[in-house]
Amino acid sequence: MSKLTLGSYPHMLGFEQLERLLERSAKSGNEGYPPYNIEQTSDHSYRITLAVAGFAEADLAITVEDRQLVIRGRQSDDSDGRVFLHRGIAARQFQRMFVLADGVVVGEAIMENGLLHVDLTRSRPETVVQTINIKKG
């Protein structure tokens, strides 16, 4: 069985980057922590909401790296001198990655009631009509 690639379709020129993008997003190990929602807030905007209870703003980092939105959380272990009879709330770290399309811009991030909201907007691409002159050879 052969692997189908976008290069095997001759009328789809220049889509090799899309194929690499799909492979990269499939490889980004999406474990279940922290849980998140993605909602469409208008025709051209989105909101990603992560449940980050127990994290302070200083424990979180949001970056855009090579068209990927990366949200990292790292809690400091503040158990010095404390004796736990049961410890069910672990200080764990996480990294969530979301692949962004061309024209998607990360807006503001808001922390509210243990939820981190990250707003995204997508700019409308302009329709371009171009006439190509034909030269005599």
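Residues numbered from 1 in each chain as written. Predicted model: local features only at pLDDT ≥ 70, side-chain atom pairs only at ≥ 80, totals over all residues. Heavy atoms only, no water.

Student: Explain the overall build of the protein residue by residue, including any values.
Tutor: The secondary structure content of the protein amounts to one helix and seven strands. For the protein, restricting intrachain contacts to residue pairs at least 6 apart in sequence, the fraction spanning at least 24 positions comes to 51%. Approximately 10700 Å² of the protein is accessible, and the part contributed by carbon and sulfur atoms is 53%. (Helix = DSSP H or I, 4+ residues; strand = E, 2+ residues; numbered from the N terminus. Contact = heavy atoms within 4.5 Å. Areas by Shrake-Rupley, 256 points an atom, 1.4 Å probe, with all protein chains shown as cover.)

Student: Tell me about the pattern of salt bridges, residues and numbers included.
Tutor: Applying the stated criterion across every chain yields a total of three salt bridges. Here Asp 119 ties to Arg 47 by a salt bridge, and the two come within 2.7 Å at their closest N and O atoms. Of the two residues, Asp 119 sits in strand β7 (residues 115-122) while Arg 47 sits in strand β2 (residues 45-51), which places them 72 residues apart along the sequence. On the basis of relative accessibility, which here comes to 17%, the residue Asp 119 falls in the buried class. Residue Arg 67 pairs with Asp 102 through a salt bridge whose shortest N-O separation is 3.4 Å. You can see Arg 67 sitting in the loop between β3 (60-65) and β4 (68-73) and its partner Asp 102 sitting in the loop between β5 (94-99) and β6 (104-112), a full 35 residues away along the chain. Of the residues examined, Asp 102 reaches a relative accessible area of 62% and is grouped as exposed. (Salt bridge = Lys/Arg side-chain N within 4 Å of Asp/Glu carboxyl O. Buried < 20%, exposed > 50% of the residue type's maximum accessible area, 1.4 Å probe, protein only.)

Student: Give a detailed account of the sheet that holds β3, specifying residues and quantitative values.
Tutor: Pairing in this open sheet of three strands is antiparallel, and the strands run β3-β4-β5 from one edge to the other. The open sheet has two edge strands, β3 and β5, and neither has a second partner. Recorded for the sheet is a direction-independent mean angle of 15° between the axes of neighbouring strands. Across six bridges, the pairing between β3 and β4 is antiparallel. (Pairing = 2+ DSSP bridges. Axes fitted to C-alpha atoms, helices over the stretch in contact; angles between N-to-C directions.)

In short, the description is geometric, and any link to function would need to be established separately.
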